[in-house]
Amino acid sequence: MSHYNPVSSGVIDKLKAIVGERNVVLDPDKLHPYSHDEVTDPRYHHMPEVVVYPEAAAQVADIVKLANAELVPLVPRGAGTGLACGAVPVYGGIVVAMEKMNKILEINAEAMYMVVEAGARTEEVQKAAGEAGLFYAGDPCSGDSCFIGGNAATNAGGNRAIKYGTTRDQVYALEVVTPTGEITTLGGRLRKCSTGYPLEQLIMGSEGTLGIITKVTLKLLAKPRHVMDLLLVFSDIDKAIGIVLVLAKAGLAPACVEFMDNNAIKSAEQFTKEKLPYDEAGHYTIVQIEGASEEDLEDKAAAIDELASANGAMAVLVPDSAKIWRARKAFAEAVRAETLIHSNEDVVVPVDKMPEAIRELDRICRKHNAVARTVSHAGDGNIHLSILQGAIPEDEWPDRLSEIHRDIFDYVYSIGGKLSGEHGIGYKRKQWMETYSDPVQLTMMRAVKRALDPKLILNPGKIFDVE
Ligand SMILES: Cc1cc2nc3c(=O)[nH]c(=O)nc-3n(C[C@H](O)[C@H](O)[C@H](O)COP(=O)(O)OP(=O)(O)OC[C@H]3O[C@@H](n4cnc5c(N)ncnc54)[C@H](O)[C@@H]3O)c2cc1C
């Protein structure tokens, strides 16, 4: 039983007064897309009572104050590309959809920063930075659809995290509406700061439970001058993943190191309808390098070729980059096209444990008659395992999946890993968060939540339960 009130007609009238009638949606057909994110399992889907589209931070603040006064839950939502059900309105209530706050407000090429509204699409941010002669380093595979506010809220990673870090490393400051409705700017355009708690860092990764992000000040970098992709093909998974530390120790600092197992390669081929090299038996390690000059790039490529060949690569190619990245980025959609009965995992393990972990996760899936597809942001130990139904009867799937999860997470924690490297806990992994987290840390997190959101209005039912 939740302690929240339903959204009354009085609340609807007040919402219309705040954001205007055109920005309040009640039609069930139009509400439906907001009942889920990219997780296909209907057990995690919940309908909102109303969706609102604020156009300014002051409107967001008024909505939050109204929700507190009326004891109605609020769920911030970006593009809904999440894979943890973080934007699902578990208790109904109001979904605050950020898509109309999508402006790029300022690009300062001189001082190398940009200010964008939370609903700006990540790809648009990348493009705008590029047009200003600079570079935005954040690069989640969902970049063509997700929003920068969602990236900050989940601390999204992506392909370039090995070199440039995750979203929290790209952000100078956040404008946030607190769970009680104040507007504040956390952080600042500073290279360093030891002035109190780094609250902007607390918001990043809090999955919309501690504040609604309305504006983001992003760091911009010099554009990499020369970029090259290399495709290393291995017949042995251990060697394909083992190359990550070999490259790191050689001081080659690649910008991306992505892994695709052979099943994931075949799945991507089916989805993109594009033939990929060595698809019969190969596993891929996709390496992107950056260089100060063509010569520098060629030296690095030659060094990688030599190291990869010495470490068991069956081929090292300069691939059709667009095609290889299409295949890598299509992973989640390719799995979805195979079957809706699947679960996408996002475990993260110490980098040196990855080869053993990928083998063990596959073994666990097979033991339970499920099928595994694996890609990974190999450079940072983040394994995206898709568990597909395989030979498990549909009516047994929920229980069997639960057993698979337990086996997987027991193993992952035994080697020093965690539940999520970048997608977050959301609603989907909340149960496991409670099982595997240190109780002291859960108590600290609950204390923060209660202190900032005394009425538990903001995105309830996510990450952990408070009551
Ligand atoms: C094909 C595919 C590829 C993907 N690749 C990657 C990847 O490489 N790396 C990665 O990290 N993730 C990846 N994801 C997951 C997802 O795209 C990211 O988590 C992304 O950051 C979510 O952004 P969004 O705008 O869609 O947020 P949503 O899905 O709408 O919301 C995600 C969470 O953020 C909260 N939130 C959203 N906006 C705000 C806001 N303005 N203020 C406060 N809270 C907010 C929501 O409440 C929710 O908890 C992928 C997903 C898909 C489908």
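Q: Whenever I open this one, the overall build of the protein chain confuses me. Can you help?
A: The helix and strand inventory of the protein chain stands at 16 helices and 18 strands. For the protein chain, the C-alpha radius of gyration of 22 Å lies close to 23 Å, the compact-globule estimate for 467 residues. Structurally, the protein chain occupies a C-alpha span of about 70 × 60 × 45 Å along its principal axes. Taken over 467 residues, the protein chain has a buried fraction of 54%. Of the contacts formed within the protein chain by residues at least 6 apart in sequence, a portion of 73% connects residues at least 24 apart. Put simply, the protein chain shows about 19,400 Å² of open surface, and 52% of that area lies on carbon and sulfur atoms. One way to put it: in the protein chain the 49 positive side-chain charges average out to a point 3 Å from where the 65 negative ones average out.

Q: Could you clarify how one ought to interpret the packing of helix α13 (residues 354–367) against helix α14 (residues 397–414) in this entry?
A: Between two packed helices, what matters for the description is the angle formed by their axes and the separation of those axes. The interhelical angle for the contact between α13 and α14, taken along N-to-C directions, is 160°, at an axis separation of 10 Å. It follows from the interaxial angle that α13 and α14 lie roughly antiparallel. As for the relative orientation of α13 and α14, their crossing is right-handed in sense. Here α13 contributes Glu356, Ala357, Glu360, Leu361, Ile364 and Lys367 to the contact with α14, which in turn contributes Ile404, Asp407, Ile408, Tyr411 and Val412. Of the residues belonging to the contact of α13 with α14, the class tally is seven nonpolar, no polar and four charged.

Q: What is the right way to read unusual backbone geometry from this model?
A: Peptide bonds are trans in most cases, and residues, glycine excluded, mostly fall at negative phi. Phi is positive for Asn369, which is not a glycine, with a value near 65°. Relative to the elements of secondary structure, Asn369 occurs in the loop between α13 and β17 (371–377). Unlike most non-glycine residues, Ile463 shows phi in positive territory, near 70°. A relative accessible area of 7% places Ile463 in the buried class.

Q: I would appreciate a short explanation of the site of the ligand in the present structure.
A: Near the ligand there are 36 residues, and of these Pro76, Gly78, Thr81, Gly82 and Ser142 occur at the shortest range. Measuring from an oxygen atom of the ligand, one finds a backbone N or O atom of Pro76 at 2.6 Å. Calculation on the ligand without its partners gives an accessible area of 980 Å², and the protein chains cover 96% of this total. Where the shell around the ligand is concerned, the elements lending two or more residues are β3 (74–77), α5 (148–154) and β10 (212–219). Residue contributions to the shell around the ligand peak at five residues, all from α5. Here the shell around the ligand is composed, by residue class, of 15 nonpolar, 17 polar and four charged.

Q: What should I look at first to understand the side chain of Thr40 in this one?
A: Summarising the element assignment, Thr40 is placed in the loop between α2 (28–31) and β2 (50–52). The class of Thr40 is buried, set by a relative accessible area of 15%. Within the structure, Thr40 has its side chain in polar contact with the backbone oxygen of Leu340 (distance 2.7 Å). Not counting the four nearest positions on each side in its chain, Thr40 is found in contact with His45, Arg336, Leu340 and His342.

Q: Just to check I follow, could you spell out the sheet that holds strand β16 (residues 342–344) for this structure?
A: Hydrogen bonds between backbone groups are what pair the strands of a sheet, and the pairing can be parallel or antiparallel. Pairing within the open sheet is antiparallel, and its seven strands lie in the order β15-β12-β14-β13-β17-β18-β16. The open sheet terminates on both sides in strands that have one partner only, identified here as β15 (315–317) and β16. Adjacent strand axes in the sheet meet at a mean angle of 15°, parallel and antiparallel pairs treated alike. Where strand β12 (residues 226–234) lies against β15, three bridges are found, and the strand directions are antiparallel. Looking across to β15, one finds that Leu231 is bridged to Leu317. Packing of helix α8 (residues 237–249) onto the sheet brings it into contact with β12, β13 (256–260), β14 (283–291) and β17, and relative to β14 it is tilted by some 20°.

Q: Looking at this structure, I do not really get the environment of Met445. What am I missing?
A: By the element assignment, Met445 lies in helix α16 (residues 439–452). Taking C-alpha positions, Met445 is 9.7 Å from Ile463, a pair spaced 18 residues apart along the chain.

Q: Got a minute to help me understand the domain arrangement of the protein chain in this structure?
A: Where interface size is quoted, it is often the accessible area lost as the parts come together. Domain annotation of the protein chain identifies domain 1 (104–222), domain 2 (226–331) and domain 3 (340–414). Inter-centroid distance (C-alpha atoms) of domain 2 to domain 3 is 23 Å. Listed as interface residues are 16 residues of domain 2 and, on the opposing side, 16 residues of domain 3. For the pair domain 2 and domain 3, the summed buried area comes to about 1,400 Å², and 66% of that belongs to carbon and sulfur atoms. On the domain 2 side of the interface with domain 3, the three residues burying the most area are Ile241, Phe259 and Phe331, jointly 35% of the side's total. Taken together, the links from domain 2 to domain 3 amount to one salt bridge. Between Arg359 and Asp238 there is a salt bridge whose closest N-O contact spans 2.8 Å. Secondary structure elements with two or more residues in the side of domain 2 that touches domain 3: α8, β13 and α9 (262–272).

Q: Can you walk me through α14 in this structure?
A: One turn of the α-helix equals 3.6 residues, which is why residues spaced by three or four share an orientation. Between its first and last C-alpha atoms α14 spans 25 Å; for 18 residues at 1.5 Å apiece the expected length is 26 Å, and the two agree. Along α14, the residues that are buried comprise Trp397, Arg400, Leu401, Ile404, His405, Ile408, Phe409, Tyr411 and Val412. Viewed along the axis of α14, the buried residues span an arc of 160°, placing them on a single side of the element. Residues Asp399 and Ser414 are exposed on α14 and point more than 90 degrees away from its buried face.

Q: When you look at α9 in this model, what are you seeing that I'm missing?
A: Within α9, burial applies to Asn262, Ala264, Ile265, Ser267, Ala268 and Glu269. The backbone nitrogen of Asn263 has a side-chain oxygen 3.2 Å away, supplied by the residue at the start of α9, namely Asp261. Taken from the residues just after α9, Lys273 is the one with a positive phi, measuring 60°.

About the thresholds
- Residues numbered from 1 in each chain as written.
- Predicted model: local features only at pLDDT ≥ 70, side-chain atom pairs only at ≥ 80, totals over all residues.
- Heavy atoms only, no water.
- Helix = DSSP H or I, 4+ residues; strand = E, 2+ residues; numbered from the N terminus.
- Rg over C-alpha atoms; globule rule 2.2 N^0.38 Å.
- Buried < 20%, exposed > 50% of the residue type's maximum accessible area, 1.4 Å probe, protein only.
- Contact = heavy atoms within 4.5 Å.
- Areas by Shrake-Rupley, 256 points an atom, 1.4 Å probe, with all protein chains shown as cover.
- Lys, Arg positive; Asp, Glu negative; His and termini not counted.
- Charge placed at Lys NZ, Arg CZ, Asp CG, Glu CD.
- Axes fitted to C-alpha atoms, helices over the stretch in contact; angles between N-to-C directions.
- Parallel < 35°, antiparallel > 145°, perpendicular 65-115°, else oblique.
- Left-handed = near helix turned anticlockwise from the far one by under 90°.
- Nonpolar A, V, L, I, M, F, W, Y, C, P; charged D, E, K, R; others polar.
- Near = heavy atom within 4 Å.
- Polar contact = N/O pair within 3.5 Å; in protein donor to acceptor, adjacent residues only side chain to side chain.
- Pairing = 2+ DSSP bridges.
- Domains from an automatic or database assignment.
- Buried area = accessible area lost by both parts, 1.4 Å probe.
- Salt bridge = Lys/Arg side-chain N within 4 Å of Asp/Glu carboxyl O.
- Expected span 1.5 Å × (residues − 1).
- Arc of directions from axis to C-beta.

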